[in-house]
Amino acid sequence: MSGTNGRTPVGIDALLERVRAGYRRIEVQEAHEAAHTGTALLVDIRYAALRERDGVIPGALVIERNELEWRLDPQGSHRAPEATGHDLRIVVICNEGYASSLAAASLHQLGLHRATDLVGGFQAWRAAGLPVEPAAR
């Protein structure tokens, strides 16, 4: 048990299952409707090379994963203007819907209790034929 502080290590699949049990994930059509009606903020956490390769969701706020908590903490000094309060409904989007689950769980720890993530990520959005535009250079 060296390096685990006496705890049994958890594999990533078990960790994903555990964090996803803490909130309801969202499907692409529901995410599209929520963004369209202004009832949710879509947040794209993919890195630049993926956005440049595949495009972006129109209207989604781009915040790379390593800045997410700082930019979305409503009490933070580095918060984005869109981070208006702890009741904000945030839909985190990564490439395929794995890293976004961990990111949403992290946002819950900051008190953003309505944070969720997109099942299947950006690739599911694109496969559903929902709007995508080229990334700004």
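Note that the structure is a prediction, hence the values are computed from the model and not measured.

Caption draft 1: Representation of the overall build of the protein chain in the model. Across its full length, the protein chain carries six helices and four strands. Taken from the N to the C terminus, the helices and strands of the protein chain come in the order α-α-β-α-β-α-β-α-β-α. For 137 residues, the compact-globule estimate of 2.2 N^0.38 gives 14 Å, and the protein chain sits close to it at 15 Å. For the protein chain, the C-alpha atoms occupy an extent of roughly 50 × 35 × 30 Å along the three principal directions. When each of the 137 residues of the protein chain is scored for burial, the buried share is 44%. When contacts within the protein chain are restricted to residue pairs at least 6 apart in sequence, those whose partners lie at least 24 apart make up 68%. Summed over its atoms, the accessible surface of the protein chain is roughly 7700 Å², and 51% of this surface lies on carbon and sulfur atoms. Positive and negative side-chain charges of the protein chain, numbering 15 and 17 respectively, have mean locations separated by a distance of 2 Å.

Caption draft 2: Structural context of the packing of aromatic side chains. Under the defined criterion, the tally for this structure stands at zero aromatic pairs. Above the plane of the ring of Phe122 lies Arg46, whose end atom (NZ or CZ) is 3.8 Å from the centre.

Caption draft 3: Quick look at the sheet that holds strand β4 (residues 116-117). Spatial ordering of the open sheet is given by β2-β1-β3-β4, a layout of four strands whose pairing is parallel. This sheet does not close on itself; its edge strands, each paired only once, are β2 (61-62) and β4. Bridging between strand β1 (residues 41-44) and β2 involves two bridges; their strand directions are parallel. By the bridge assignment, Asp44 is partnered in β2 with Val62. Where helix α5 (residues 99-109) meets the sheet, it contacts β3 (90-93) and β4, and its direction lies at approximately 145° from that of β3.

The rules behind the values
Every chain is numbered independently, its residues counted from 1 as its sequence is written. The predicted origin of the model limits local features to residues at a pLDDT of at least 70 and limits the giving and counting of side-chain atom pairs to 80 or more, whereas totals for whole chains, interfaces and linings rest on all residues. Heavy atoms throughout the structure, all of them, feed into the side-chain values; hydrogens and water do not. Helix numbers and strand numbers start at the N terminus; a helix is a DSSP run of H or I with at least 4 residues, a strand a run of E with at least 2. Here the radius of gyration uses the C-alpha set of atoms, whereas the globule reference equals 2.2 Å times the residue count to the power 0.38. Note on exposure labels: buried denotes an accessible area under 20% of the residue type's maximum, exposed denotes more than 50%, and partly exposed covers the range between, all computed with a 1.4 Å probe on protein chains only. Contacts were defined at the residue level, with two residues in contact if any of their heavy atoms lie within 4.5 Å. Areas reported here follow the Shrake-Rupley algorithm with a probe of radius 1.4 Å; residue values treat only the protein chains shown as occluding. In this tally Asp and Glu are treated as negative and Lys and Arg as positive; neither His nor the chain ends contributes. To locate a charge, take NZ of a lysine, CZ of an arginine, CG of an aspartate or CD of a glutamate. Think of it this way: a Phe, Tyr or Trp ring, Trp meaning its six-membered ring, pairs with another when their centres are within 6.5 Å, and the plane angle makes it stacked under 30 degrees, edge-to-face over 60, tilted otherwise. Note on geometry: a ring has a charge over it if NZ (lysine) or CZ (arginine) is within 6 Å of the ring centre and within 35 degrees of the ring normal. By this definition, two strands are paired if DSSP reports at least two bridges between them. Axis lines are fitted through C-alpha atoms, for helices just across the contact stretch, and the angle between N-to-C directions can take any value from 0 to 180 degrees.

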